[in-house]
Amino acid sequence: MSTHPDAAEILLEVEDVSIAFRTDAGLARAVEGVSFVLRTGETVGIVGESGSGKSMTAMAIMGLLPKKAVVTGSIKLRGRELVGLSDDELREVRGKDIAIVFQDALTALNPVMTVGEQLVEAVRVHDPRSTPADRRARAVELLDVVGIPSPELRVDRYPHEFSGGMRQRVMIAMSIANEPDLLIADEPTTALDVTVQAQVLEVLREVQRRTGTTVLLITHDLGVVAGTADRVMVMYAGGLVETADVDPLFYETAHPYTAGLLASLPRLDRRSSRDERLYQIAGHPPVATEWPEGCRFAPRCAHAVAGLCDVSVPEPVAVGTGHTAACVRVDEWQKEAS
Ligand SMILES: Nc1ncnc2c1ncn2[C@@H]1O[C@H](COP(=O)(O)OP(=O)(O)OP(=O)(O)O)[C@@H](O)[C@H]1O
Ligand code: SF4
Ligand SMILES: [Mg+2]
């Protein structure tokens, strides 16, 4: 069991982070005023539609934002400020403290090196004093941790000899070779079919249990976080709109956008689910150069009130233990909905 999140130390502290891009059409805002903490050993999901700023938030933490991005605010790893570090310093942080797994394992692996050679290299960088035999043993061990059958044989195979799900396991093995404190997984299962997705998520959980690493899991799929994360942050148009443990997020939903996301999940308990058209939130997220004043969800929100919701961006308010929602009508909208 991992330490209870409230008792664990703060690993990462993100404070009032904003990210914008210089474009021909003006400044495109990607993320604005995002604040959160991650505690050692917890698995936290970031959920939101395409373009909501999930990957840019991850890239800011990794120090991998494109050069034309402007980032403000503070990102501290164990108290050390990461915003403003040099490229060399950031490379060191990425090598030692933070690792990321992307969606596309095939392009991330080197096709002309065996999986073992790539793992051995990752182990060597982390621990230069290890012997070649140590490194190979560690490579086999890492493949075992991520559930690759016969790891001592598979270690000498090339990436193309692995299935998509197995390649994603290899990527997870590579990312934990450094024993990072924080593992960011950005849509790690999106390219996989549903059964394999579940297996890869189970691997992430197992890695978390065995290594105690903190996991930040990014996905557009609430179903994925439901079974994997301890806590969820819901993102909409560059801002966090709701943060809660998994159960309260599903059963005591406090933000209309989260309610919309939940209503659009396929439900196994509905008999006619195959014939039923899935609910979709009406409209589209705002274009980054044309964010509305006030609550950015207002143009799509059935509970919006002019003169109230369009005045300023709602601050997150506490609605329960560790549960916040950025909605000025948090008490009223649920009554209207029921
Ligand atoms: N290189 C770039 N130049 C300009 N704007 C960018 C650039 N990269 C991202 N953006 C903007 O940043 C915003 C957030 O993008 P981000 O990639 O974080 O979204 P996301 O939530 O990860 O979406 P997805 O689910 O599609 O991966 C988008 O609105 C996008 O328009
Ligand atoms: S602040 Fe207003 S518009 Fe925004 S989610 Fe709440 S009710 Fe809807
Ligand atoms: Mg993304």
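Preceding block: the structure.
Definitions and cut-offs
Residues numbered from 1 in each chain as written. Chains lettered and ligands numbered in written order. Predicted model: local features only at pLDDT ≥ 70, side-chain atom pairs only at ≥ 80, totals over all residues. Heavy atoms only, no water. Near = heavy atom within 4 Å. 1 Å grid on protein atoms, 1.4 Å probe; cavity = no way out; pocket = protein on both sides within 12 Å on 5 of 7 lines; lining within 4 Å. Sits in = over half its atoms within 2 Å of the grid points. Nonpolar A, V, L, I, M, F, W, Y, C, P; charged D, E, K, R; others polar. Salt bridge = Lys/Arg side-chain N within 4 Å of Asp/Glu carboxyl O. Helix = DSSP H or I, 4+ residues; strand = E, 2+ residues; numbered from the N terminus. Buried < 20%, exposed > 50% of the residue type's maximum accessible area, 1.4 Å probe, protein only. Pairing = 2+ DSSP bridges. Core = buried A, V, L, I, M, F, W, Y, C linked by side-chain atoms within 4.5 Å. Contact = heavy atoms within 4.5 Å. Points joined across faces, edges and corners; volume = space filled by probe spheres on them. Domains from an automatic or database assignment. Patch = residues over 30% accessible without salt bridge, like charges linked within 9 Å, V, L, I, M, F, W, Y side chains within 5 Å. Areas by Shrake-Rupley, 256 points an atom, 1.4 Å probe, with all protein chains shown as cover.

### Things to note about the site of ligand 2
Then comes step 1: Near ligand 2 you find His-255, Pro-256, Cys-295, Ala-298, Cys-301, His-303, Ala-304, Cys-309, Pro-314, Cys-327, Val-328 and Arg-329, and these make up its full shell.
Then comes step 2: The pocket occupied by ligand 2, as judged from atoms lying within 2 Å of grid points, is the largest cavity.
Then comes step 3: Residues of the shell around ligand 2, tallied by class, amount to nine nonpolar, two polar and one charged.

### Quick look at the pattern of salt bridges
Then comes step 1: According to the stated counting rule, one finds 16 salt bridges in the structure shown.
Then comes step 2: Note that Glu-42 is salt-bridged to Arg-231, the shortest N-O span being 2.9 Å. Of this pair, Glu-42 sits in the loop between strand S2 (26-39) and strand S3 (43-47) while Arg-231 sits in strand S9 (residues 231-236), and the two are 189 residues apart along the sequence. In terms of burial, Glu-42 and Arg-231 fall into one category: buried.
Then comes step 3: The partner of Asp-156 in a salt bridge is Arg-136, with the nearest N and O atoms 3.0 Å apart. With Asp-156 in the loop between helix H6 (151-154) and helix H7 (164-176) and Arg-136 in helix H5 (residues 132-145), this residue pair connects regions lying 20 residues apart in the sequence.
Then comes step 4: The partly exposed category is assigned to Arg-136, whose relative accessible area is 37%.

### Quick look at the sheet that holds S2
Then comes step 1: Taking strand neighbours across the sheet as the criterion, the four strands line up as S2-S1-S4-S5 in an open arrangement whose pairing is antiparallel. The two strands at the open ends of the sheet, each matched to only one other strand, are S2 and strand S5 (80-81).
Then comes step 2: Bridge analysis of strand S1 (residues 10-23) against strand S4 (residues 69-77) gives eight bridges, and the strand direction is antiparallel. The residue of S4 that forms the bridge with Val-14 is Ile-75.

### A few points about the nonpolar core
Then comes step 1: Leu-12, Phe-36, Ile-61, Ile-98, Leu-182, Ile-184 and Leu-216 are the most contacted members of the largest nonpolar core, which totals 36 residues.
Then comes step 2: Once residues within four sequence positions are removed from consideration, Leu-12 is found in contact with Phe-36, Val-37, Leu-38, Ile-61, Ile-75, Lys-76, Leu-77 and Leu-182.

### Section: the layout of surface pockets
Then comes step 1: Computed from the structure, the largest pocket encloses a volume of approximately 810 Å³.
Then comes step 2: Elements with a minimum of two residues in the lining of the largest pocket: S2, S9, strand S10 (239-245) and strand S12 (323-325).
Then comes step 3: Here the lining of the largest pocket gets seven residues from one element, more than from any other, and that element is S2.
Then comes step 4: Along the lines of polarity and charge, the residues of the lining of the largest pocket split into 15 nonpolar, 10 polar and 11 charged.
Then comes step 5: When residues of the lining of the largest pocket are sorted by domain, at least three fall in each of domain 1 (10-236) and domain 2 (239-267 + 280-337).
Then comes step 6: One number sums up the size of the second largest pocket: a volume of about 640 Å³.
Then comes step 7: Looking at the second largest pocket, it is lined by 25 residues, and the ones nearest its centre are His-220, Asp-221, Leu-222, Leu-265 and Pro-266.
Then comes step 8: Where the lining of the second largest pocket is concerned, the elements lending two or more residues are helix H8 (194-211) and helix H9 (222-228).
Then comes step 9: At five residues, the largest contribution of residues to the lining of the second largest pocket is made by H8.
Then comes step 10: Looking at which domains feed residues into the lining of the second largest pocket, each of domain 1 (10-236) and domain 2 (239-267 + 280-337) supplies at least three.

### Details of a nonpolar patch on the surface
Then comes step 1: A cluster of nonpolar side chains, contributed by Val-305, Leu-308 and Val-328, occupies part of the molecular surface with about 210 Å² of accessible area.
Then comes step 2: Along the chain, Val-305 falls in the loop between helix H11 (256-263) and strand S11 (317-320).

Read these as layout, nothing more, since geometry by itself doesn't imply function.
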